[in-house]
Amino acid sequence: MSQKAALILIIMLVLSACVGTQSMLVEDQPLKGINITIDPGHGATQAYDSFRIGQTGEREEWINLRVAKILSRKLTLAGANVLMTRTKDRDVSLGGRASMAIIHQSDLFVSIHHNGSVNDLSMDLPIVYFYGSGDMNPASVDFARILIDSMRAEMDFQQQLAGAVYSDHLIYNSGTSVLRNTIDDMPGVIGEGGFFTNPSGEGRLKSKAYNKLEAEIYYKAILEYFDRGIPSAMCLLPDTLKYIDLLRPIAFELDDGFGNTFFVENSFKVLQDGVQIQSIWDSNSGILTATPDSSLEQNVSFQVFARNLQGNAIHPVPFKFMTKAGYEWLSHEKWFEAFDEAETLYSQAIQNSELDVLDSTLHLYQLSLELQIVHPKARIAEEKILELLKKKQTLVDGDISDEIEAQQSRIREYYPN
Ligand SMILES: [Zn+2]
């Protein structure tokens, strides 16, 4: 082979190797670009918690962490951006765990736990919890069902078939802190992969091989969930909107998770503050248009529901807006704040000859009048502005008599008596 031919061959080999690696990367990184928070429950409670412990001394928080670490490595290899709320046997507050997941902009929150029972040591089954009601939290339920199905199929439990998905309101009236505080941002579950209070359960959970199996089950469930596509809704109102006009329709652009608009017929629903309102789906444009109801509240929130053809529901993140009433109220509040601040500065502004203080006092009085809301103190503000302008004339070189006259006629016009 000539040198040139050999060189070409090498270049071709390198090129094909590159192409090969690239396609392999895509295949091997099915979770690329997806943010996941893994939350190993509890941590560093040994000194005071004598409940979360098996008969031979294995602690729940240790099992949680071992499973979570294996899972985290697998997800990272699959391309996911994984955040662990703890990586050591240490305590992290429940609020802190939720905040971390929100800051991470997670697409899914998975809290890993194991169960204990004081009364019934024979209990040996898996449970997956979601927050609140299934109707309001369909995406979390979708993932919970995938997870419980593989837990029941592939892990060893004495009461295999009794494993189930439940609302976390079964544990606490207001649900669990971590799921309640992440619900507005992402779907999430608490997985309980068996009972450490069951002697054979504890035996299994102590084994690294079984921890690996459990991590594998979570991993496969997460893969399957994201493989079905994550449908989403985007509100088409501009970001600059000060308040929402409830007399106009509100439009949402939907994506089935694959850049398309294929959804299950009749799965569309828009709620305004939890109550369903009228909506029309246009599959050509992918726009769901809803007709809001009037509201005397200061704020309203809308949630969009639909299910893609692969079986995944939109996580109904609330779209929150201020109403006109809310906007007026806020302005009113600002009026008072600005007026009070101006009042505390006024005598200083008149007595001292500091232009800075005088200008900011003027600005605050003017701000307090911004919306011309009828208020007993509006006249005081107008008159103080006049006094401040007169004082200002003595401090500046330029002629501001026009401004003073304009203020005088303004007062005459608004308060003729
Ligand atoms: Zn726990």
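Residues numbered from 1 in each chain as written. Predicted model: local features only at pLDDT ≥ 70, side-chain atom pairs only at ≥ 80, totals over all residues. Heavy atoms only, no water.

**What to know about the coordination of the zinc ion**
Then step 1. In the first shell of the zinc ion, the protein supplies His 42 (NE2), Glu 60 (OE), Glu 60 (OE) and His 113 (ND1), at 2.1 to 2.7 Å from the metal.
Then step 2. One chain supplies every donor to the zinc ion, and in sequence these donors are spaced H-x17-E-x52-H. Note that His 42 is positioned in the loop between strand 1 (35-40) and helix 2 (60-77) and Glu 60 in helix 2, a separation of 18 residues in sequence.
Then step 3. Among the residues examined, Glu 60 registers a relative accessible area of 3% and is labelled buried. (Donors = N, O, S within 2.8 Å, 3.2 Å for Na, K, Ca; no water. Helix = DSSP H or I, 4+ residues; strand = E, 2+ residues; numbered from the N terminus. Buried < 20%, exposed > 50% of the residue type's maximum accessible area, 1.4 Å probe, protein only.)

**Here's the deal with helix 6 (residues 199-206)**
Then step 1. Among the residues of helix 6, those classed as buried are Gly 201, Glu 202, Arg 204 and Leu 205. All buried residues of helix 6 lie within an arc of 160° about the axis, which places them on one face of the element.
Then step 2. Along its buried surface, helix 6 packs onto helix 2, strand 3 (108-115), strand 6 (188-195) and helix 7 (208-227). (Arc of directions from axis to C-beta. Contact = heavy atoms within 4.5 Å.)

**Considerations on the packing of helix 8 (residues 324-351) against helix 10 (residues 378-395)**
Then step 1. Axis separation between helix 8 and helix 10 bottoms out at 11 Å; the angle between their running directions is 35°. Pair helix 8 / helix 10 crosses with left-handed handedness. Here helix 8 contributes Trp 335, Phe 339, Glu 343, Tyr 346, Ala 349, Ile 350 and Gln 351 to the contact with helix 10, which in turn contributes Ala 378, Ile 380, Ala 381, Lys 384, Glu 387, Leu 388 and Lys 391.
Then step 2. Residues of the contact of helix 8 with helix 10, tallied by class, amount to nine nonpolar, one polar and four charged. (Axes fitted to C-alpha atoms, helices over the stretch in contact; angles between N-to-C directions. Left-handed = near helix turned anticlockwise from the far one by under 90°. Nonpolar A, V, L, I, M, F, W, Y, C, P; charged D, E, K, R; others polar.)

**Focus on the packing of aromatic side chains**
Then step 1. Following the criterion strictly, the structure yields eleven aromatic pairs and no others.
Then step 2. Their ring planes at 75° and their centres at 5.9 Å tell us that Phe 339 and Tyr 365 sit as a pair that is edge-to-face. With Phe 339 in helix 8 and Tyr 365 in helix 9 (residues 355-368), this residue pair connects regions lying 26 residues apart in the sequence.
Then step 3. Overall, Phe 339 belongs to the buried group, its relative accessible area being 2%.
Then step 4. Its relative accessible area of 0% is what places Tyr 365 among the buried residues.
Then step 5. Taken together through their ring pairs, the aromatic side chains of Phe 143, Tyr 225 and Phe 226 make up a single cluster.
Then step 6. The residue whose ring lies beneath Lys 384 is Tyr 346, and the NZ or CZ to ring-centre distance is 4.6 Å. (Phe/Tyr/Trp six-rings, centres within 6.5 Å; stacked < 30°, edge-to-face > 60°. Lys NZ or Arg CZ within 6 Å of the ring centre and 35° of its normal.)

**Details of a nonpolar patch on the surface**
Then step 1. A grouping of Tyr 166, Leu 170, Ile 171 and Tyr 172 is seen on the molecular surface, where their side chains present a nonpolar patch of about 410 Å² in accessible area.
Then step 2. Note on placement: Tyr 166 falls in strand 5 (residues 164-167).
Then step 3. Residue Tyr 166 is classed as partly exposed on the basis of its relative accessible area of 32%. (Patch = residues over 30% accessible without salt bridge, like charges linked within 9 Å, V, L, I, M, F, W, Y side chains within 5 Å. Areas by Shrake-Rupley, 256 points an atom, 1.4 Å probe, with all protein chains shown as cover. Salt bridge = Lys/Arg side-chain N within 4 Å of Asp/Glu carboxyl O.)

**Here's the deal with the sheet that holds strand 10 (residues 275-277)**
The strands making up a sheet associate through hydrogen bonds between their backbones, and the pairing can be parallel or antiparallel.
Then step 1. Here we have four strands laid out as an open sheet, ordered 10-9-13-14, and antiparallel in their pairing. Since the sheet does not close on itself, it has two edges, and those belong to strand 10 and strand 14 (319-322), each with one partner. Put simply, the sheet's adjacent strands are angled 30° from each other on average, direction ignored.
Then step 2. Pairing between strand 9 (residues 269-272) and strand 10: three bridges, direction antiparallel. Looking across to strand 10, one finds that Leu 271 is bridged to Gln 276. (Pairing = 2+ DSSP bridges.)

**Details of the packing of helix 6 against helix 7**
The description of two helices packed together rests on the angle between their axes and the distance between the axes.
Then step 1. Two elements in contact, helix 6 and helix 7, have axes whose closest approach is 5 Å; the angle formed by their N-to-C orientations is 85°. Judged on the interaxial angle alone, helix 7 and helix 6 are roughly perpendicular. Packed against helix 6, whose contacting residues are Arg 204, Leu 205 and Lys 206, the element helix 7 presents Lys 208, Tyr 210, Asn 211 and Glu 214 at the interface.
Then step 2. Across the contact of helix 6 with helix 7, the residue classes tally to two nonpolar, one polar and four charged. (Parallel < 35°, antiparallel > 145°, perpendicular 65-115°, else oblique.)

**Here's the deal with the pattern of salt bridges**
Then step 1. Taken as a whole and assessed by the stated rule, the structure comprises 17 salt bridges.
Then step 2. For the salt bridge of Glu 387 with Lys 390, the shortest nitrogen-to-oxygen distance reads 3.9 Å. Remark: Lys 390 and Glu 387 occur in helix 10; sequence separation between them is three residues, near one turn of the helix.
Then step 3. When its relative accessible area of 36% is taken as the criterion, Lys 390 is described as partly exposed.
Then step 4. Counted as one network, the salt bridges with shared partners bring together Asp 49, Arg 52 and Glu 60.

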